[in-house]
Amino acid sequence: MHGLSPLQHGQSGKIISSARDHLSPLPIIKSSIAGSHLEFCRGGPSCLGKNRWTNDQQVPYPTNLSGNYNTCSSSTSLANVISPTTTNEVLVALTYWSIPHEFDEPDKVTLSGTGYPYQGAFPNSGGYIPSLTGWSNGFATLHNSGGLIDPTIFGNKWLVSVEDNFSKVLDTHTLKIGGRWGMITNDEPVTGDDQGLATFSTWGGNSTGNGYADLLMGRMSDYLEYDTNVVGALLRHEFAGYIQDSWKTTRQLTLELGLRFEHNGWNYDRSGYLAGFDQSLYDPDAPLEDYSGLVAPYLGWGGPRSVWKTPGLLVSPRIGFAYDLRGNGRTVLRGGGGIYRYHGRGADSLGAINNPPLTQNVYGCCGHQLQDPEGWATSVTRSNITVLEPN
């Protein structure tokens, strides 16, 4: 590893955001069409700047891993005044988010650029030096995310939504009824250690008693490597509707009563790569390379593409009030409560695509030689799996 030249101390840390090139041209166009009001806003690209992934808990990495984050978004609303007491508004929004990552100076961490002589467990490995660690055992960590060989780390996302809101004033009631459909996609690879992760520690069985001496002699405690990182093509849909009544019961008291109906779909992979584990299909006598019990749509499994079943319909009630204490509008007491639901980004789903036979990983322990991949690559048939549990 003699060719490594670390960055100056302090340039390694966490996700560091730069405000450079922050550009957000957002024109607003308003016009009247046959008594309706059309408003177009937020059209155009937005460059969010350059983010850099680093790690405080290690020696500085020889080069930065940078991400040039860019978004393009627009939204359109059409509000139609049907009568003095009736209005309807339609909103359409579209956002595209691109997150490519790459090393600023890749030659500083390639095998040829550093003079690193050893090949990994798989034929496509070896683009970059493996990550090194001693797991807090007196050996400094030099680590970067996997997924930088093929494909490199990226994230491409579409966010699309369509809404309609109808309102009607009836005496002391203001009624609102609406609905929303949303779609979110996420094309992103997982980040297994396809460059390799080697551990040098005194518990390895062949240690000299010094992690750095073990590194120079190629004596590893253990080694982990993935042959590739699968690209996920996740997608989910959201459907929601609501009804709300703003009821002015007296001159001083207004009640807000509402119900929201939601169907929030789980993420599924458009290629059918999400995997689960079905205990009823597991055969303890099957060969390891059969991965008995592993189920996925692309393997012919007839279960849901999200592996998890999506709840059919969720109902969320809400209630609130506003009370004018003195009747003159100067002091108003407000309160309320309700059930509010939120769907996470689905990071737990993404890891469940990186399974055999799409990808394999090798883990060797303990007491292997770094220069002898044949000695520790035999455990490839025992690749780890990350799965969801069907419900």
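Look up: the structure comes first, before these words.
Source: prediction; values computed, not measured.

What counts, and at which threshold
- Residues numbered from 1 in each chain as written.
- Predicted model: local features only at pLDDT ≥ 70, side-chain atom pairs only at ≥ 80, totals over all residues.
- Heavy atoms only, no water.
- Helix = DSSP H or I, 4+ residues; strand = E, 2+ residues; numbered from the N terminus.
- Contact = heavy atoms within 4.5 Å.
- Salt bridge = Lys/Arg side-chain N within 4 Å of Asp/Glu carboxyl O.
- Buried < 20%, exposed > 50% of the residue type's maximum accessible area, 1.4 Å probe, protein only.
- Pairing = 2+ DSSP bridges.
- Axes fitted to C-alpha atoms, helices over the stretch in contact; angles between N-to-C directions.
- Core = buried A, V, L, I, M, F, W, Y, C linked by side-chain atoms within 4.5 Å.
- Polar contact = N/O pair within 3.5 Å; in protein donor to acceptor, adjacent residues only side chain to side chain.
- Phe/Tyr/Trp six-rings, centres within 6.5 Å; stacked < 30°, edge-to-face > 60°.
- Lys NZ or Arg CZ within 6 Å of the ring centre and 35° of its normal.

That bond from Pro 356 to Pro 357 is cis: its omega, 5°, falls within 30 degrees of zero. Tracing the sequence through the fold places Pro 357 in the loop between helix 3 (347–350) and strand 19 (361–369). Of note in the backbone geometry, Asp 171 takes a positive phi value of approximately 55° without being a glycine. Within the secondary structure, Asp 171 is located in the loop between strand 8 (156–170) and strand 9 (173–189).

Before going further, it helps to examine the environment of Val 92. Looking at where Val 92 falls in the secondary structure, it is placed in strand 5 (residues 86–98). Separated by 16 residues in the primary sequence, Val 92 and Thr 76 place their C-alpha atoms 5.2 Å from one another. If sequence neighbours within four positions are ignored, Val 92 has contacts with Ser 74, Ser 75, Thr 76, Ser 161 and Val 162.

What follows concerns the pattern of salt bridges. One pass over the full model with this rule turns up seven salt bridges. The salt bridge involving Glu 188 is made with Lys 157; its shortest N-O contact spans 3.5 Å. With a gap of 31 residues between them, Glu 188 in strand 9 and Lys 157 in strand 8 connect regions that are remote in the sequence. The residue Glu 163 makes a salt bridge to Arg 180 at a minimum N-O spacing of 3.5 Å. Here Glu 163 is found in strand 8, whereas its partner Arg 180 is found in strand 9, with 17 residues between them in sequence. Its relative accessible area of 28% is what places Glu 163 among the partly exposed residues. Connected through shared salt-bridge partners, Glu 163, Arg 180, Arg 236 and Glu 238 make up one network.

Let's shift gears to the sheet that holds strand 19. Hydrogen bonds between backbone atoms are what pair the strands of a sheet, whose relative direction is either parallel or antiparallel. Reading across from one edge, 7-10-11-19 is the order of the four strands in this open sheet, with mixed pairing throughout. The sheet is open, and its two borders are formed by strand 7 (131–133) and strand 19, each paired with just one other strand. Between one strand axis and the next, the sheet turns by 15° as a mean value, whatever way the strands run. Here strand 10 (residues 197–199) runs beside strand 11 (residues 219–226); their pairing, made up of three bridges, is antiparallel. Bridging from a neighbouring strand, Ala 198 pairs with Tyr 223 of strand 11.

Here we take up the nonpolar core. One recurring pattern in soluble globular proteins is that nonpolar side chains are buried together. Membership of the largest hydrophobic core comes to 19 residues, with the highest contact counts inside it found for Phe 103, Ile 129 and Phe 200. Setting aside residues no more than four positions away along its own chain, Phe 200 makes contact with Leu 132, Thr 133, Gly 134, Phe 139, Gly 211, Asp 214, Leu 215, Gly 218, Arg 219, Met 220, Ser 221 and Leu 370. Counting 10 residues, the second-largest nonpolar core is a separate cluster that includes Val 190, Leu 234, Val 307 and Leu 350.

Moving on: the side chain of Ser 131. Within the secondary structure, Ser 131 sits in strand 7. The residues touching Ser 131, leaving out its near neighbours within four places in the chain, are Leu 142, His 143, Asn 144, Gln 195, Gly 196, Leu 197 and Ala 198.

Further remarks concern the side chain of Asn 88. Structurally, Asn 88 is set in strand 5. Separated by 3.0 Å, the side chains of Asn 88 and Asp 164 make a polar contact. Residue contacts for Asn 88: discarding those within four places in its chain leaves Leu 78, Ala 79, Asn 80, Ile 82, Asp 164, Asn 165 and Phe 166.

Counted according to the given criterion, the structure contains eight aromatic pairs. Here Phe 139 and Phe 200 contribute two aromatic rings whose centre-to-centre distance is 5.6 Å and whose plane-to-plane angle is 35°, an arrangement assigned as tilted. Separated by 61 residues along the polypeptide, Phe 139 in the loop between strand 7 and strand 8 and Phe 200 in the loop between strand 10 and helix 2 (211–217) bring together distant segments of the chain. Phe 200 carries the same exposure label as Phe 139, and that label is buried. Above the ring of Trp 97, the side-chain terminus of Lys 157 is found at 5.8 Å from the ring centroid. Over the ring of Tyr 268 we find Arg 305; its NZ or CZ atom is 4.0 Å from the centre of that ring.

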